[in-house]
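Here is how the chains run, residue by residue.
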Amino acid sequence: MIDFQTSPDRYRHWKLSFDGAVATLAMDVDPAGGLMGGYELKLNSYDLSVDIELADAVQRLRFEHPEVRTVVLRSAKENVFCAGANIRMLAGASHGHKVNFCKFTNETRLAIEDASENSGQRYLAAISGSAAGGGYELAVTADYVMLIDDRRSGVSLPELPLLAVLPGTGGLTRLTDKRKVRRDLADVFCTTEEGVRGKRAVQWRLVDEVVPPSSWEAKVAERARDLAAKSDRDGQRGVALTPLQRQFSDDGVTYPHVQVAIDRAGRQANVTIQGPAELPADLRGIHDAGSSFWPLAMARELDDALLHLRLNEPAVGLIVFRTSGDPAQVLAADSLLEQYQSDWLVREIRLLLKRVMKRVDMTARSLIALIEPSSCFAGTLAELVFAADRSVMFAGTGAGDNRGPATLHLSALNFSAYPMGNGLSRLANRFYGEPDSLIASAERIGDTLSAEDAEALGLVTFAYDETDWDDEVRLILEERASFSPDALTGLEANLRFAGPETMETRIFGRLTAWQNWIFLRPNAVGEAGSLKRYGSGVRPDFNPERV
Amino acid sequence: MSDGAAMGIGQIDYDGLIPNNVGLAEDQRVRKALETWHPGYIDWWKSMGPEGFQGSSVYLRTAVGVGAEGWAKFGFVRMPEYRWGILLAPKVEGRTIPFGAHKGQPAWQDVPGEYRAMLRRLLVIQGDTEPASVEQQRHLGATAPSLYDMRNLFQVNVEEGRHLWAMVYLLQKYFGRDGREEAEELLRRRSGDQDSPRMLGAFNERTPDWLSFFMFTFFTDRDGKMQLAALAQSGFDPLSRTCRFMLTEEAHHMFVGETGVARVIQRTAEAMNEAGIDDPYDIERIRRLGVIDLPTIQKKANLHFSLTLDLFGNEISTNAANAFNAGLKGRYREDKLTDDHQLTASTYPVLRLRDGAIIKDEVPALSALNMRLRDDYVEDTMLGIGRWNRVLERAGIDFRMTLPHVAFNRRIGEFSAVHTDTAGAVLSAEAWIRQQMAMLPSDDDNQFIASLMQPSWQPGRYAGWIAPPRHGIDNMPGDFEYVRIEN
Ligand SMILES: [Fe+2]
Ligand SMILES: [Fe+2]
């Protein structure tokens, strides 16, 4: 089983160090520390195990180190910054693993960019040695990219000439959208195996600055301080991200607030989220509660559960979201998040929730939300309804059921706090063609909405009463399970994101469409393909037909 | 002259600015590029070449033909006026690519597009070593133990300069604008410079004294020989021809190193015998004789051998496999080997580190080409060590020079992760610190050697720590003035 939980004392590949407002995250990959056997992680090449630690470090820097305003990304190895994803790992991994690995890698990179943009924790990449492929992709997640000019170190995206695949984990898109490299120069860059070094790298905007070795360390320190000075981050005491309490069983995993029950016959995972039992009264209480504050605890658990399902339960095609608890409490949690949003910790929690919800959007499983009596789809938790491919709400009350009717509640957070990758709130995305519906929903913030209300407002797909509920729900789930998983993945990825493209949607879209296509083609993975032949010295045989 | 090489023996055109046998007179584009590069080269030579002797007349050999018979002509020349040129070994008609995926096809006369980047990298790495050693050795003239040795140093230096020319010619002729830029870069990097060092580690180390120089030419120039021998097999014919000619010059560099160290050993042995010292480890007494004790010579050999092994790169190498399969870089004496010359189905034993132990592993032969070249190198080096030991044998001294284990003192490859002793036994970090001084030159050793480095510039006179050579250069008499020192 692949476990996404780790902590700095267990890192094998990264070294974290702190100097006031500047933290250094140094890559020092243990060649023998790979997730699977059969390959060595030489030259700071990475597999998922390296990325899991990176994601953990990035997360901890945000929560545990409010004093850190600049993170310097660098290599602890001589002559190499990072050689990118390990080729032998890619050659040996299943297609599903590769796709999920790339997706997670990219989510982590977006989290780095999110920290720079929204947390006042700015990343600085200090490249000494070569940054190739994923190594360069990683470097350009930083706000500011420095390259040592020792006439040897350089940056490159050698995937195409070297491996016949793409710098697909955001490399190409960041080149054009973030670095704004001219397209023809980008073409040259991506077809030149050895890449670019020195002044040309600056001229082409591949890096921001080159510095000779004699002034390298001083310059890196200076730039780190400059970045720190521009930050609005002001916390004092961090919040420890304590280990998640989890219990795995054959049929799922249980956390304090999230329960995953797998129905293997139905190839479905039933994910139930518990609303908050008690909440702190004020900001001080939030800080004291730390990682046990419900929104933070729930977000971390849901995040872990999603990753677990993605990597360890590939046969589960359907995720059914349910909630249980008091909607008023969820709304109370939301008001705390709203009231204290300028506090650094509350800001981090909101941003984490945003990222977890994005992780839901990016999960290639059918998502169904069932809004039943005694559920608490309110505010933040209602995001799951809007993230789902279908949502079904129980209308009225069941005979002999004293729980009262199912409800749905909106909070201000549904309209502002959790934008999707395309920059729209899930509601704005949902009502892309009906601006009036968005306004009508906004007018009902805080109201208790019945199934009829929710259906009329367009907030749920269908409302069924007791007579139809069981059958209709069963039919939806069974029908879903009968479709082609590939076609569903494609359909859902298309329909979930309406309207505008952003760098983020472009990265995921292109990763899915092009890189994954190439990863399936004989030119890459066939017996005579580039990945199989890599390292053998024998050139791949390409089928010359353009598709 | 059309193509002198086509006539079977190389005719050299000395009419233009740049002596050559490649028809430069008719090749406007390349001639212009080389003439543009030339002043920068002369500037580099004057600022980074032998320090203090640019105005001296040196008895140097200059190539006058690339055929087997008599290609060298000796005469006095001031080094900045040396006739550096572009000399290729004669073209072999009908030559085919000797190995790799394209084996049997006609050798390439132009760079195949798909291998352009790989070839350029090979040339740049080789080319970078040539000026590097000149830079490393530039201070040595001042402490030359004789005019004979000084002349040999300068001969090596001008030939390394010519090797740079050879690589620059290929870059400028076949690699367009990139090639010209790389040619300029070759003049900009500096050995040991923090901001723009030479590309390979051993070429950024200092060559502080003459024993280091001899060791360098013995060990490190021999790596050059192995690399050139592998490139001389190339399916890219201009590279093959260039390297074949360079090899004839490289042989002299190794002669300088091998005989240099042999003469140091001989002098030490003689001094010990004269003083009646049997114990080679009686270091204090031996040093008082003004000669270098044998254990210190061994330590210097340990150092230079291990630094040079790093130049062969990682034992398992994709780049080496690619270059072989592409037909660009062969094995040592590929033409004498009798296998399929493709290696797609064979394996080769490689020493590897597994859980802290050194073991032998059979790996696909294509990926093990660096290892194989290194093995050939070690074998070639052993022959020279044997000749050093014959000096000791003849002198009746109970000491034999040896090569340390290939895992000793490595910074690149499998063994960079461990410390070992010279026999290859893995050492803990503390044991390494304790034993290092007995295996590698200490500051003390280096200071002692430095103290001996006093110039001896009288014709026919030699510093007390080195024996005279058996023969003069070009059969000149013992008191011949090889360098007319003028400043
Ligand atoms: Fe040379
Ligand atoms: Fe040489």
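Thresholds applied
Residues numbered from 1 in each chain as written. Chains lettered and ligands numbered in written order. Predicted model: local features only at pLDDT ≥ 70, side-chain atom pairs only at ≥ 80, totals over all residues. Heavy atoms only, no water. Contact = heavy atoms within 4.5 Å. Buried area = accessible area lost by both parts, 1.4 Å probe. Salt bridge = Lys/Arg side-chain N within 4 Å of Asp/Glu carboxyl O. Polar contact = N/O pair within 3.5 Å; in protein donor to acceptor, adjacent residues only side chain to side chain. Nonpolar A, V, L, I, M, F, W, Y, C, P; charged D, E, K, R; others polar. Helix = DSSP H or I, 4+ residues; strand = E, 2+ residues; numbered from the N terminus. Expected span 1.5 Å × (residues − 1). Buried < 20%, exposed > 50% of the residue type's maximum accessible area, 1.4 Å probe, protein only. Pairing = 2+ DSSP bridges. Axes fitted to C-alpha atoms, helices over the stretch in contact; angles between N-to-C directions. Donors = N, O, S within 2.8 Å, 3.2 Å for Na, K, Ca; no water. Core = buried A, V, L, I, M, F, W, Y, C linked by side-chain atoms within 4.5 Å. Domains from an automatic or database assignment.

A look at the interface of chain A and chain B
Here is step 1: With 20 residues of chain A at the contact, the number on the chain B side is 25 residues.
Here is step 2: Summed over both sides, the interface between chain A and chain B buries roughly 1,900 Å², with carbon and sulfur atoms accounting for 37% of that surface.
Here is step 3: Three residues, Arg-151, Glu-194 and Arg-539 of chain A, lead the burial of chain A against chain B; their summed loss comes to 31% of the area buried on that side.
Here is step 4: Across the contact surface, chain A and chain B share 8 salt bridges.
Here is step 5: A salt bridge links Arg-121 of chain B to Glu-194 of chain A; the nearest nitrogen and oxygen atoms lie 3.9 Å apart.
Here is step 6: Applying the counting criterion to the chain A and chain B interface returns 7 residue pairs in polar contact (both at pLDDT 80 or more).
Here is step 7: Looking at the side of chain A that touches chain B, its residues break down into 4 nonpolar, 4 polar and 12 charged.

Brief notes about helix H13 (residues 344-361) of chain A
Residues and elements named next belong to chain A.
Here is step 1: Here H13 contains 18 residues, and its C-alpha end-to-end distance of 26 Å stays within 8% of the 26 Å for a straight helix at 1.5 Å per residue.
Here is step 2: Of all 18 residues in H13, 18 are buried, a share of seventy percent or more.
Here is step 3: In this structure Asp-343 caps H13, since a side-chain oxygen of it lies 3.0 Å from the backbone nitrogen of Leu-345.

Section: the pairing of strand S1 (residues 14-19) of chain A
All names here are of chain A.
Here is step 1: As paired elements, S1 and strand S2 (residues 22-27) share 6 bridges and run antiparallel to each other. Its bridge partner lying in S2, Leu-16 is registered against Leu-25.
Here is step 2: Hairpin connection from S1 to S2: 2 residues lie between these consecutive antiparallel strands, with Gly-20 at a positive phi of about 60°.

Some remarks on the sheet that holds strand S4 (residues 70-75) of chain A
All names here are of chain A.
Here is step 1: Judged by pairing direction, the sheet is mixed, and its 6 strands sit side by side in the order S1-S2-S4-S7-S9-S11 without closing on themselves. Of all the strands in the sheet, just S1 and strand S11 (209-211) have a single pairing partner and so form its edges. Across the sheet, the axes of successive neighbouring strands diverge by a mean angle of 20°, strand direction being ignored.
Here is step 2: Where S4 lies against strand S7 (residues 122-127), 4 bridges are found, and the strand directions are parallel. Across the sheet, Val-72 pairs through a bridge with Leu-124, a residue of S7.
Here is step 3: Against the sheet, helix H1 (residues 48-64) engages S1, S2, S4 and S7, with an angle of about 20° to S1.

Examining the coordination of the iron ion (ligand 1)
Residue and element names in this part refer to chain B.
Here is step 1: Distances from the iron ion (ligand 1) to its protein donors, Glu-130 (OE), Glu-160 (OE) and His-163 (ND1), fall at 2.1 to 2.2 Å.
Here is step 2: One chain supplies every donor to the iron ion (ligand 1), and in sequence these donors are spaced E-x29-E-x2-H.
Here is step 3: The distance between the iron ion (ligand 1) and the iron ion (ligand 2) is 3.3 Å, with Glu-160 acting as a donor to both metals. In this pair, Glu-130 sits in helix H2 (residues 116-136) while Glu-160 sits in helix H3 (residues 147-174), placing the two residues 30 residues apart along the sequence.
Here is step 4: Using a relative accessible area of 2% as the deciding quantity, one classes Glu-130 as buried.
Here is step 5: What makes Glu-160 buried here is its relative accessible area of 3%.

Digging into the coordination of the iron ion (ligand 2)
Here is step 1: The protein atoms donating to the iron ion (ligand 2) are Glu-160 of chain B (OE), Asp-221 of chain B (OD), Glu-250 of chain B (OE) and His-253 of chain B (ND1), with metal-donor distances spanning 1.8 to 2.2 Å.
Here is step 2: Sequence spacing among the residues donating to the iron ion (ligand 2) works out to E-x60-D-x28-E-x2-H.

With respect to the nonpolar core
Here is step 1: Core analysis: the biggest nonpolar cluster contains 134 residues, and Tyr-41, Phe-219, Ile-297, Trp-388 and Trp-465 of chain B have the highest contact counts within it.
Here is step 2: Residue contributions to this core peak at 16 residues, all from H3 of chain B.
Here is step 3: Those residues in contact with Phe-219 of chain B that lie beyond four places of it in its chain are Ala-301, His-304, Phe-305, Thr-308, Tyr-377, Thr-381, Ile-385, Trp-388 and Leu-403 of chain B.
Here is step 4: Within the second largest apolar cluster, 81 residues are counted, among which are Phe-63, Leu-302, Ile-368 and Ala-382 of chain A.

As for the pattern of salt bridges
Here is step 1: Scanning the model with the defined rule gives 88 salt bridges over all chains in all.
Here is step 2: Here Glu-113 of chain A and Lys-178 of chain A are joined by a salt bridge, their closest N and O atoms 2.6 Å apart. In this pair, Glu-113 of chain A sits in helix H3 (residues 95-119) while Lys-178 of chain A sits in helix H6 (residues 171-178), placing the two residues 65 residues apart along the sequence.
Here is step 3: Take Lys-178 of chain A: its relative accessible area is 28%, and that puts it in the partly exposed class.
Here is step 4: Notably, a salt bridge pairs Glu-315 of chain B with Arg-374 of chain B, separated by 3.0 Å at the nearest N-O pair. In this pair, Glu-315 of chain B is assigned in the loop between helix H8 (294-310) and helix H9 (318-325) and Arg-374 of chain B in helix H10 (residues 369-395), connecting sequence segments 59 residues apart.

Things to note about the domain arrangement of chain A
Residues and elements named next belong to chain A.
Here is step 1: Annotation of chain A at the domain level lists domain 1 (8-229) and domain 2 (247-495).
Here is step 2: Relative to domain 2, the C-alpha centre of domain 1 lies at a distance of 34 Å.
Here is step 3: At the junction of the two partners, domain 1 supplies 15 residues and domain 2 supplies 16 residues.
Here is step 4: When the two sides are added together, the surface that domain 1 and domain 2 hide from each other amounts to roughly 1,400 Å², 53% of it contributed by carbon and sulfur.
Here is step 5: For the interface between domain 1 and domain 2, the tally reads 5 salt bridges.
Here is step 6: Arg-310 is the partner of Glu-107 in a salt bridge, and the nearest nitrogen-oxygen pair spans 2.8 Å.
Here is step 7: Joining domain 1 to domain 2, the criterion identifies 10 residue pairs in polar contact (both at pLDDT 80 or more).
Here is step 8: Of all the elements in the fold, those that place two or more residues in the side of domain 1 that touches domain 2 are H1 and H3.
Here is step 9: Element by element, the count of residues in the side of domain 1 that touches domain 2 is highest for H3, at 9 residues.
Here is step 10: Taken together, the residues of the side of domain 1 that touches domain 2 break down into 5 nonpolar, 6 polar and 4 charged.

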